[in-house]
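Structural overview
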Amino acid sequence: MLAWTIYISFIGAALLMLLPANKPGLSRGGALLAALAGLCVAIAGVLQYHGSPAAGGLADIINIPWINALHVHYHLAVDGVSAVLVLLTGIAAVAGILFSWNIEKRTNEFFALYMALIGGVYGVFLSFDLFLLFVFYEIAIVPKYFLIAIWGSTRREYGAMKLALYSFVGSAMVMLGLIAAYVVSKSSSFDLVTLSQYPFPPSFQNWAFLLVFIGFAILAGLWPFHTWAPTGHVAAPTAASMLLAGVVMKLGAYGALRVAMILFPAGLHTWQTPIAILAVIGIIYGAMVALVQRDFKFVIGYSSVSHMGFVLLGFMTLTTVGLSGAVLQMFSHGIVAGLLFAVVGRMVYDRTHTRDLNELQPMNLNKVIPFAATTFVIAGAASMGLPGFSGFVAEFQIVKGAWQAFPIFALLTGVGILIGVAYTLRVLIKAFYSDDKNPQPLAHPLPPITLPEKIGAVLLLTCTFVIGIYPRLLIDLIVPTLNSPLFAPLVKGGVS
Amino acid sequence: MNFVNLHSEWLRLLTPELIVVITALVALLADTVCLRQQCDCIRIKAGSIIVSLGCLIAVAWLSLYPANVHLQMLSITPTVAFIKQVVLGLAIFTALVTTRFTKHIGEYFALLLLAVVGLMLLVSSKNLLLIFVSLELLSVSLYAMAAFEKTSLASSEASLKYFLFGAMAAAFTLFGMSLIYGITGTLDLGDMTAKFKDQSIEPVFYVALVMTLVGFAFKLAAAPFHLWAPDAYQGAPTPVAAFIASGSKVGSFFVIARILFEGFGGRTGSAAWGNFLPGWMPFIAVLAVLSMIVGNVAALLQTNVRRLLAYSAVAHAGYALLALFGKNQAATTSALLYYVITYAITVLGAFTVISVVEQGNKHHSDLSNFAGLSHRAPVLSICMGIFMLSLAGIPPLSGFFGKFYVFTTTIGGSENLRLLWLVVVAICASAVSFYYYLQVLKQIFVNQAPEQSAPIEASPVTQAAIVVLAILVVLLGCLPNLLLGQLESATVTPVF
Amino acid sequence: MNTLPLLTILTLIPLAGGLLLCCLGGEQKNLARKLGLFFSFVALALAAFLLCQFNPAGGIQFKEQANWVPGLGIQYHLGVDGLGILMVILTAVVIPFAMLGSWKIDRNPKLYFALMLFLQSGLFGTFTALNFFHWFIFWELSLIPAFFLIKIWGGQNRTSAAYQFFVYTMVGSIAMLVSFLALNAATGTFDFATLAQKAQDKTLSTEVFAKLHFFKTPETLMTALFIGVLLGFAVKVPLFPFHTWLPSAYTEAPTGTSMVLTGIMSKMGVYGFLRILLPIFPDQTRALLTPLLWLAVATIVFGAAAAFAQKDLKRMVAYSSINHLGYCLLGIFAISQATTGTGINAAVEKASALNGVMLQMFNHGLTASTLFFFVGLIEQRSGGLRGLDDFGGLRKPAPVFCGLMGITIFASLGLPGLNGFVGEFLIFKGVFSLATAAAIVSTLGLLITAIFLLTMIQRVFCGPLKHNWTQWQDLTIAERLTAAPLVIAMFLIGIFPQLVLGIINPTVVEMVKLLNN
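Residues numbered from 1 in each chain as written. Chains lettered and ligands numbered in written order. Predicted model: local features only at pLDDT ≥ 70, side-chain atom pairs only at ≥ 80, totals over all residues.

Right, let's talk about the overall build of chain B for a bit. Along chain B, the regular secondary structure elements total 20 helices and four strands. Relative to the 2.2 N^0.38 estimate, which gives 23 Å for 496 residues, the radius of gyration of chain B is 22 Å and therefore close to what a compact globule would have. Each principal axis of the C-alpha atoms in chain B carries an extent, and together these give about 70 × 55 × 40 Å. Burial status across chain B gives 59% buried among its 496 residues. Long-range contacts, defined as pairs at least 24 residues apart, comprise 78% of the intrachain contacts of chain B with a sequence gap of at least 6. (Helix = DSSP H or I, 4+ residues; strand = E, 2+ residues; numbered from the N terminus. Rg over C-alpha atoms; globule rule 2.2 N^0.38 Å. Buried ≥ 20, exposed ≤ 12 C-beta atoms within 10 Å, placed from the backbone. Contact = placed C-beta atoms within 7 Å.)

Written as structure tokens, this is what we have:
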């Protein structure tokens, strides 16, 4: 059933292209319908998986031969990690559409591209054949380019091109690694499970792992390959930034976990510590740079780099708790980043037409748009890792895993969390609660927060709060999967 | 076998060519005798109908009477028959999308069909002399067709450059062939292999090899023999350029594969990294690498779409040549042919779109003319988008699978992944190419149309042709088995 | 025992109240205030009920336990013993008074009172939690309402004060979190009792060191973790030199918020020392005893000296808070030392000191918040002035004001017969035998406190009346009714300390027994 998330998205995209361009209401409604349908299917499918006997392991959805010459199968399946990310995609998709309600220019094309992107993302999370996974991964690149280049803001064409090229280079690296793996395994199959059991020679694994991991991790924002992220996020329109930071960066992390780490465990152990170092650098560097930004959106963009550093560190701890924290952080950050970008982009920038913190300071926005201020307070608290929200549970699992694998990094992560508190607070005060001595009344009153924005914000806030209070909802999906045979070589071999 | 029988055998085997020749004469006569008084549109329509009918009959004949015969100079296998059908199909499309650029319509169609005959003979022959003769038939027809637009200086220049280069290359080839005859004493490809195996390695062989291949490298527009391509593609009338880019490439690639595998099979050599052995493989490797690098780097700087396609053709020749490094004939042929056939379809479609946008004026094929095309001609834009993305190698289009399949074949072609370096170069070049294809797409979809943009008119036939080609590109990309199946069933029997 | 989850209900009542308040319209200011007060009274009633049901010798009562995320060792585990119920009562009492002290707030009172209620909920949660995970949730969550209370309704420099307050506390919290995660990574549990038991059995350090290969010896590793947790509490109390956030925060905060900050939130730190730090890290505390003791002494003396040097009344009270809490810390560090074989009846002395510490927590909560209340009244009536030298002779136009504030000041001073004396006396009695030198130096603090508090009375109430204050309004009926219960309590506890000591003594004896091992 979960495969329908993919099909609904692509069919929705095609239908949206056929809608007339001068009726934006139709496009919005259609897109929302498609996204909601996808979300419902996703929830139903995950519940079905959870209740099925295959729960905790891999549950096949469809597996038919596709391209005989390369032994490629059209193989879709789901396990706990995929399920969590599919849910994230569904929620983020709906929220993104709600926050794009005010797009007037070429609406049908916008939503068509948006749904195509969502379809590609669903596809990546559900594919268990490497060729198929790669196909969906690359399909997601082109809609991103157009979404940013056409509807974006600051330096959009440059940002879009940079993002597209970085993604393409990353996937080129992955393609090389995949083909090499296929050939070395005597051209047997592209199936993930089959290849994961093939004993690749360690010398091969050492470079193949690095190639594939870095190829995916570029999209995940691994330092120092993260430079596309701040530019890209700032250039993108709100819904695209929400998706970019919320879901697309997770594509990279998911690929790194699902493909690189599972196929090449020996290579993983060789490169475990260097990559962990890079992850920690990313956490602290991202946070420190966020602390000094003048542009509101850049702060959030760099904070995404910092949060993804947590995910990658969690991966490298190679403990069940660290990996579980990493997957949960993917979900949590997806929601929280979506919220933050929604506030910055849709609620603030679309109204004030500035993102410069110095210009926002005299506006005393907490009195003008209190809903935005409150949403940002809660989203900021979640982003900081304040307990009661999903980010805390995720970060605390990652730190716990780090204690078991790299104790010094656990301490450094604490420092990173602290800097996170500082920059979030700084931006919260400057943008909303500045109580400036020389308030400048706005030239014209700002439009009030619309209903779609409120619904979207409440949706995302509820998710992060519910998971923060009752994380079992997701942990019960993730942990059994991490104990399944597919992940066994990862967790066993690590320090535990 | 006596004289009559032999020749009746020949005639039977060459019936498709005969049909095409007769069609050419019919088209010429019809136009000269009956239609001189009519306006150009009717003459073109009539001509294209005659051409299409004739080619269709030939295609049908090829399907109805499969043959697998090896005569003295001819070798007709199912693969050869399939390629002939493809070439005929491309010719039909070329004829259907012919625009009004000359008064000599009958002559034009006749020359087109003569070029087709040349191609068909080219792929059927296994005797070096016959290969040369058919190559010349093809080339001379194309030289003449390139000059057909008498009112355009660029057309004459293009044709002259094409002719001079081509004649020079043909001279080299002839000389090389004579050297080969001198070494082996035979012109038959089948006998040559055995003779080469007996001989000890002599420098003169390599001279012969290189010189023979020069002519074909010229035809393929492989660097450094590509200098004619940009001017020819830019100056020649659009349908001619389209046919040069598509049809002649298909045939030439097949012939080069045949010569190398069948003729020089004993002197393969090796291009494996760190293990270079003299033979034709290192030479092809050099050609391929040069083509990929020169083609992509030069394309980055282009502002004219036709020249951009020319340089991209150079690059794609390089990618296709990589298929020659496969482990065995079957793998090589199916990868090579899949790539070249889908490339031909794509490029034919792209040129047709260009001809529509140009509206008959050659100077309108600059990039800036495509600005905002998505508003002026939405269907055409989507098709052009499909063609460009397929050339860039984005799934699920055929260009992606073609590249993927070729790369897999190349890497699988040696032990220990020694040919990986070739694929690394190819992938880097691919990443570079993504940039300039995106530039075209950016113009079409992102930029605004200028105020006084002329409306785009295209005849329904042309539009239908473009859409059919685009659908083919997508279909063959999503379900490559359709084409691969045909190729494989054709290669069950020995390829050549 | 009841099967109703009383403690959860207690925590949720103010939360529900706060949410309800948020739904009100902005114009219904009076309704908002009354509703807020109503909810805090409901919480007070429930707390009083719990107190009646509480059996001092019964150990941990009103227990609630449920699985939350078993895979991570997280349980929903609530319960109160003597210390816990004392803090719950303190919270339930101070918050309504803080609300009454904030009655005049005109700007968005609905949000103000809602934030107060959220804060109360967070405080209840902190004092009733027995598992680190949700203890930490409430510890951190209580920061947000406090931050906004300072930020929105505070004085001139409120932004930097709020910022400093938040960041400082977070630094400590994160250090504490990281240390606890290490403990959890090694032992798999977050339960305070379980961890304390392991520490008692001396198995904790070996277990942690075995799992985490970090530092060279178990002792160094545990000391590092100890410092992390210490930091978290040291910032909150505060312990010198981590106190620099406090004067600005207390001064810039509006009156009601200062009452809560000094009355309850500083006690969170002391509570943390008693509930978490001492039971889980007894050996480490013992090892670092001397520096810690002298830091406590520094807190006492420095706090008093700095208060003496102030010219702003509110800042004086803020620094004097630091001073008074220093006594608690002195007592805590003193009782942690090893006393076998020193010839003193350690159990008795330690029990005395610990009783004093808890009593001081409660008393200071009452007196300090009342003191801030009065300073707030002064500030209101003077139109924003609160300098020491701005006033004089207020005794004449406002005798009741002077009387009640005077009693509060004397209670803060430690005059016998008032509540402050008993706590300080017990602490000094215990510490004198356990850490004589420290006790002697700390009496300096008593002296300086006396000096500046008497100076306050003299400058503000006695002396010539300045002409602009001749119309100084005495306490209104509402204000008298607000202050009266607190002042009466000060007398009551001063004369019958058994009221409080009866509740806490069994718990104290238990704790001392554990420490004496």
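Taken together, the 26 residues of chain C in the interface contact 26 residues of chain A. Within the residue set of the side of chain C that touches chain A, elements represented by two or more residues are α5 (132-141), α6 (143-153) and α7 (158-187) of chain C. In terms of residues, the side of chain C that touches chain A owes the most to one element, α7(C), which gives 14 residues.

Once that is clear, we can look at the nonpolar core. Formed by 620 residues in total, the largest nonpolar core has its most connected members in Leu312(A) and Leu112(B). A per-element tally of this core places helix α14 (residues 329-358) of chain B first, with 19 residues. Excluding its chain neighbours within four sequence positions, the residues that come into contact with Leu312(A) are Ala217(A), Ala220(A), Leu222(A), Ala253(A), Ile275(A) and Ala279(A). (Core = buried A, V, L, I, M, F, W, Y, C linked by C-beta atoms within 7 Å.)

Residue and element names in this part refer to chain A. Secondary-structure assignment places Val427 in helix α19 (residues 407-431). Between the alpha carbons of Val427 and Phe296 there is a distance of 7.3 Å; along the sequence they are 131 residues apart. If we ignore the near neighbours within four places in the chain, the residues touching Val427 are Phe296, Val299 and Leu357.

Helix-helix packing is characterised by the crossing angle of the two axes and by the distance between the axes. Residues and elements named next belong to chain B. At a minimum axis distance of 9 Å, the contact between α14 and helix α17 (residues 398-411) shows a crossing angle of 155 degrees. Classified by the interaxial angle, the pair formed by α14 and α17 is roughly antiparallel. Crossing geometry of α14 relative to α17 is assigned as left-handed. Every residue of α17 that contacts α14 at Ala331, Thr332, Ala335, Tyr338, Tyr339, Thr342, Tyr343 and Thr346 is listed here: Ser398, Gly399, Gly402, Tyr405, Val406 and Thr409. Here the contact of α14 with α17 is built from residues that sort into seven nonpolar, seven polar and no charged. (Axes fitted to C-alpha atoms, helices over the stretch in contact; angles between N-to-C directions. Parallel < 35°, antiparallel > 145°, perpendicular 65-115°, else oblique. Left-handed = near helix turned anticlockwise from the far one by under 90°. Nonpolar A, V, L, I, M, F, W, Y, C, P; charged D, E, K, R; others polar.)

Looking now at the interface of chain B and chain A. Taken together, the contact pairs 26 residues of chain B with 27 residues of chain A. Breaking the side of chain B that touches chain A down by element, the ones donating at least two residues are α17, α18 (420-446) and α20 (481-491) of chain B. For the side of chain B that touches chain A, the element with the highest residue contribution is α18(B), accounting for twelve residues.

So, about the pairing of strand β2 (residues 74-80) of chain C. Residue and element names in this part refer to chain C. Of all seven residues in β2, five are buried; the element is thus mostly enclosed. Here strand β1 (residues 61-69) runs beside β2; their pairing, made up of six bridges, is antiparallel. If you follow Gln65 over to β2, its bridge partner there is His77. Hairpin geometry of β1 and β2 is characterised by an intervening segment of four residues between the two adjacent antiparallel strands and by a positive phi of about 75 degrees at Gly73. (Pairing = 2+ DSSP bridges.)

On to the packing of α17(B) against helix α19 (residues 460-478) of chain B, then. Residues and elements named next belong to chain B. Packing of α17 against α19 leaves a shortest axis separation of 7 Å and a crossing angle of 40 degrees. In terms of axis orientation, α17 runs oblique to α19. Of the residues in α19, those in contact with Ser398, Phe400 and Phe401 of α17 are Val473, Leu476 and Gly477. For the contact of α17 with α19, a count of residues per class yields four nonpolar, two polar and no charged.

A cis amide bond links Trp223(A) to the next residue, Pro224(A), at an omega of 0 degrees. With respect to the element layout, Pro224(A) can be found in the loop between α9 (202-220) and α10 (228-235). In this structure, the amide linkage connecting Pro395(B) to the following residue, Pro396(B), adopts the cis form with an omega of 0 degrees. By the element assignment, Pro396(B) lies in the loop between α16 (378-392) and α17. With a phi angle near 55 degrees, His71(A) is a residue other than glycine that sits in the positive phi range. If you trace the backbone, His71(A) turns up in the loop between β1 (59-67) and β2 (72-78). In the Ramachandran plot, Phe62(C) falls in the positive-phi region, its phi being about 55 degrees despite a non-glycine side chain. Along the chain, Phe62(C) turns up in strand β1. The buried category is assigned to Phe62(C), around which 24 C-beta atoms lie within 10 Å.

Residues and elements named next belong to chain B. Its 19 residues place the ends of helix α6 (residues 128-146) 26 Å apart at the C-alpha level, agreeing with the 27 Å of an ideal helix rising 1.5 Å per residue. If you check which residues of α6 are buried, you get Leu128, Ile131, Ser134, Leu135, Leu138, Ser139, Ser141, Leu142, Tyr143, Met145 and Ala146. If you follow the buried residues of α6, they end up packed against α5 (105-124), α7 (153-184), α9 (203-220), α10 (228-235) and α11 (238-263). (Expected span 1.5 Å × (residues − 1).)

Moving on, we come to the environment of Gly402(B). All names here are of chain B. Its location among the elements puts Gly402 in helix α17. Judged by local crowding, Gly402 falls into the buried class, with 30 C-beta atoms found within 10 Å. Along the primary structure Gly402 and Ala232 are separated by 170 residues, whereas in three dimensions their C-alpha atoms are 26 Å apart. Residues in contact with Gly402, not counting those within four places in the same chain, are Tyr338, Tyr339, Thr342 and Tyr343.

The values reported here are purely geometric and, on their own, carry no functional implication.
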